[in-house]
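# Descriptive structure summary
If you want the building blocks of each chain, they are given just below.
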Amino acid sequence: MTAERGLGNAWFAALSSVGIYRRLVLLERGLDIPVPDVSADPSFRVALLADGERAAYLEFRPDQDAVEIARRVERGDRCFATWQEQRIVHAAWAATGRAWIEYLSRELPLAAGDVYVYDSFTRPEFRGRGAAPLRARVLGQYFAARGYARVLTAVLQENAAGFRPLEKVGTRPVGAIGYIGIGPWRRHFVRRHPR
């Protein structure tokens, strides 16, 4: 079974690399369910990224550019950052209303009570120290207090490490989102797992 899964993942990865087929696992977490206690480094603090802190974010994520960050902020997306002293060690973005999924080149309309979390990243030397679960708890509390009901996110099926922090806070797979096709001849899909 594991060999078959490995071959399947390799096949889908090959199709993805040429842009013919891409898919992400869609996950959700209800905000009415409290996040389990997370053990995190006591020096961590989580806060919304302020306009004056964009330089710190770009130092944390040198693979991104200021124009894209400004575009996210203009759309109304919010960045939740986990800090240790004066540097960011983890961050993730949250969208409401509509979410742009770069990997799939598509917009995902969101229900009124939904929050879509994307571009979650932890500095490698801080992985496994609770930065992501702590941020997930604070983000959930923030949106629950504003009447939101659930958090959605999407992860590459092949990214096993990407699922671990999500599972720690009660996030569960509910379906898949993706496309098949080339260029303008793409068929986008959203499939929910049967309950």
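Report follows, based on the coordinates.

Cut-offs applied
Residues numbered from 1 in each chain as written. Predicted model: local features only at pLDDT ≥ 70, side-chain atom pairs only at ≥ 80, totals over all residues. Heavy atoms only, no water. Helix = DSSP H or I, 4+ residues; strand = E, 2+ residues; numbered from the N terminus. Buried < 20%, exposed > 50% of the residue type's maximum accessible area, 1.4 Å probe, protein only. Contact = heavy atoms within 4.5 Å. Areas by Shrake-Rupley, 256 points an atom, 1.4 Å probe, with all protein chains shown as cover. Expected span 1.5 Å × (residues − 1). Phe/Tyr/Trp six-rings, centres within 6.5 Å; stacked < 30°, edge-to-face > 60°.

Scanning the protein chain from terminus to terminus reveals five helices and 10 strands. Considering the protein chain as a whole, with its 195 residues, one finds that 44% of them fall into the buried category. Within the protein chain, counting contacts between residues at least 6 apart in sequence, those at least 24 apart form 69% of the total. When the accessible surface of the protein chain is totalled, it reaches about 10,800 Å², and 56% of it is carbon and sulfur.

Along its 14 residues, helix 4 (residues 131-144) runs 20 Å from first to last C-alpha, staying within 8% of the 20 Å computed at 1.5 Å per residue. Counting buried positions along helix 4 gives 10 out of 14 residues, so the element sits mostly inside the fold. Among the residues of helix 4, Ala131, Ala132, Pro133, Leu134, Arg135, Ala136, Leu139, Gly140, Tyr142 and Phe143 are the ones counted as buried.

Let's shift gears to the packing of aromatic side chains. Scanning the model with the defined rule gives 10 aromatic pairs in all. Aromatic pair Phe80 and Phe143: ring centres 5.9 Å apart, planes at 50°, arrangement tilted. One end of the pair, Phe80, is in strand 3 (residues 78-84); the other, Phe143, is in helix 4, with 63 residues separating them in the sequence. Both residues of the pair, Phe80 and Phe143, count as buried. On the basis of an interplanar angle of 15° and a centroid distance of 6.2 Å, the ring pair of Tyr116 and Tyr118 is categorised as stacked. Tyr116 gets classed as buried once you look at its relative accessible area, which sits at 3%. A relative accessible area of 11% means that Tyr118 is categorised as buried.

For the rest of this paragraph, the subject is the environment of Leu156. Assignment of secondary structure puts Leu156 in the loop between strand 8 (150-155) and helix 5 (160-168). What makes Leu156 partly exposed here is its relative accessible area of 33%. Distance in space between the C-alpha atoms of Leu156 and Arg23 is 7.0 Å, their sequence separation being 133 residues. For Leu156, the residues in contact, after removing those within four places along its chain, are Arg23, Leu24, Tyr103 and Phe163.

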